[in-house]
Amino acid sequence: MLHRFWLIRHALVHADSLSRLYGTDDVPVCDVTMAADAPRYAALAARLPRPARLVCTPLKRTQVTAAALMRAGYPAQTPLLDAAFVEQNFGALQGTPIAHFDMRPAGRHPFWPIHAEEMPPGGECFDDMVRRVGAGLERLRDNAEGRDTIIVSHGGAIRAAVAHTLGLSAHQALCLSVENISLTRIEHHKSGWRVMSVNEHFATQACEASAAPSTARAHNDMKQTQGATS
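Please read all numbers here as calculations on a predicted model, not as lab measurements.

What describes two packed helices is the angle between their axes and the distance between those same axes. It is at 8 Å that the axes of helix H5 (residues 126-142) and helix H6 (residues 155-166) come closest, and there the two elements cross at 75°. Between H5 and H6, the angle falls in the class roughly perpendicular. Contacts from Phe126, Met129, Val130, Val133, Gly134, Leu137 and Glu138 in H5 reach Gly156, Ala157, Arg159, Ala160, Ala161, Ala163 and His164 in H6. Classifying every residue of the contact of H5 with H6 by side-chain character gives nine nonpolar, three polar and two charged.

It is worth spelling out the nonpolar core at this point. In terms of nonpolar packing, the biggest core is built from 31 residues, with Phe5, Phe85, Phe126, Val133, Leu137 and Ile151 touching the most fellow members. Core analysis: the next-biggest nonpolar cluster, separate from the first, contains 20 residues, Ala11, Tyr41, Leu44 and Ala45 among them.

Before going further, it helps to spend a moment on the sheet that holds strand E3 (residues 80-81). Reading across from one edge, E3-E2-E4-E1-E5-E6 is the order of the six strands in this open sheet, with mixed pairing throughout. Only two strands of the sheet have a single partner each, and these edge strands are E3 and strand E6 (192-200). Bridge count between strand E1 (residues 3-9) and strand E5 (residues 183-189): six bridges; the pairing is antiparallel. Each residue of the ladder has a partner; that of Trp6, found in E5, is Arg185. In this fold helix H3 (residues 60-71) packs onto E1, strand E2 (53-56), E3 and strand E4 (148-153), with an angle of close to 145° to the strand it touches most, E2. With respect to the sheet, H5 is in contact with E1, E2, E3, E4, E5 and E6, its orientation differing from that of E1 by roughly 135°.

What follows concerns the confidence of the model for the chain. For the chain, the mean per-residue pLDDT works out to 90, and 87% of the residues sit at or above 70. Per-residue pLDDT stays below 50 along residues 210-230; that stretch engages in 60 contacts with residues further than four places along the chain or on separate chains.

Right, let's get into unusual backbone geometry. Note that the residue after Arg50, namely Pro51, is joined by a cis bond; omega there is 0°. Positionally, Pro51 belongs in the loop between helix H2 (38-47) and E2. A positive phi is found at Ile181, a non-glycine position, where the angle reads about 45°. Inspection of the secondary structure puts Ile181 in the loop between helix H7 (170-174) and E5. Judged by its relative accessible area of 1%, Ile181 falls in the buried class. In this structure, Asn199 takes a positive phi of about 65° despite not being glycine.

Tracing the backbone through its elements, the reader meets Ala116 in the loop between helix H4 (98-103) and H5. Each C-alpha atom, one on Ala116 and one on His171, is 5.3 Å from the other, the two residues being 55 residues apart in sequence. Excluding residues within four positions of it along the chain, Ala116 makes contact with His109, Phe126, Ala170, His171 and Leu174.

So, on to the packing of aromatic side chains. In this structure the tally under the stated criterion is three aromatic pairs. Ring plane angle 85° and centroid distance 6.3 Å describe the contact between Trp112 and Phe126, whose orientation is recorded as edge-to-face. Taken together, the positions of Trp112 in the loop between H4 and H5 and Phe126 in helix H5 put the pair 14 residues apart, joining distant regions of the chain. The ring of Trp6 is capped by Arg185, whose NZ or CZ atom sits 5.9 Å from the centre of that ring.

The side chains of a regular strand alternate between the sheet's two faces. In terms of strand pairing, E2 meets E4 through four bridges, oriented parallel. Pairing of Leu54 across the sheet is with Ile150, part of E4. Handedness of the E2-H3-E3 crossover: right-handed.

Rules used throughout
- Residues numbered from 1 in each chain as written.
- Predicted model: local features only at pLDDT ≥ 70, side-chain atom pairs only at ≥ 80, totals over all residues.
- Heavy atoms only, no water.
- Axes fitted to C-alpha atoms, helices over the stretch in contact; angles between N-to-C directions.
- Helix = DSSP H or I, 4+ residues; strand = E, 2+ residues; numbered from the N terminus.
- Parallel < 35°, antiparallel > 145°, perpendicular 65-115°, else oblique.
- Contact = heavy atoms within 4.5 Å.
- Nonpolar A, V, L, I, M, F, W, Y, C, P; charged D, E, K, R; others polar.
- Core = buried A, V, L, I, M, F, W, Y, C linked by side-chain atoms within 4.5 Å.
- Buried < 20%, exposed > 50% of the residue type's maximum accessible area, 1.4 Å probe, protein only.
- Pairing = 2+ DSSP bridges.
- pLDDT = per-residue confidence, 0-100.
- Phe/Tyr/Trp six-rings, centres within 6.5 Å; stacked < 30°, edge-to-face > 60°.
- Lys NZ or Arg CZ within 6 Å of the ring centre and 35° of its normal.
- Right-handed = clockwise from strand over helix to strand, strands pointing away.

Set out below in C-alpha cells:
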C-alpha cells in the first residue's frame, strides 16, 4: 500500500541561539522572520495533502512551525508528538560554542559540527539517529489509516530519513542540504521506499538580533546550514 511522508524542517531559530550547538535544546524561533515569511507558509500550506496526519516533535520549534502553517490556511488539527523525529542528541557537546568545532584538532564534517561517525559523550552518533528515525517511519507507515503523513522535524532528522530510505552512509546523508521550512517527500510502496524530492524550499530572510554576537549573526547569514541549526 502506498504511503507518502511530507517532511518539513522547522522555522529559522532566533539568532541569539546560533552561537552554540543547541541540538535537542528547546530554543525559540525567530518571530520576525516567521512574520516576514507568511506568504511562504501559505504557499507551503497549499502544497500539502488534505487530509493528512500531522506529526511534530516534542521540541517547540516544530510545533510553532505547524501552527504557522495552520494560520496560513492548512486545516487545523492537534499534532501527534513523536520523539522519534527529534534532532541528533549531541550529549555533552550541547551548548558548546560553534566556533569550537572549527578549531578542534580532530576537525569536523564539512556540513555538520562533528564527524559523521562521531559518538558524542552521552549522546548519539548519526547512524543511531538514522535507526531511530527509520524505526519511526516504519511504525507510522504500519499504523497509518490514511495515505499521507506530514512530519515537522529537524534538519538532521530529515537527512536521516533520506538515509534510511536510500541506504546512504552518514557522510552522504550529511552532504544533503535541508533548509528551514523546506519540504522533503518520500514514499513507501509495496516494492519499497523511494525519494520524491529533497529540500523543496521557499527562500527565507536572515533573523537579525539587536545584541547577537557577531559569530551568531554570521552563522545566521549562512541560513543555518551547519549542524547546530536543527
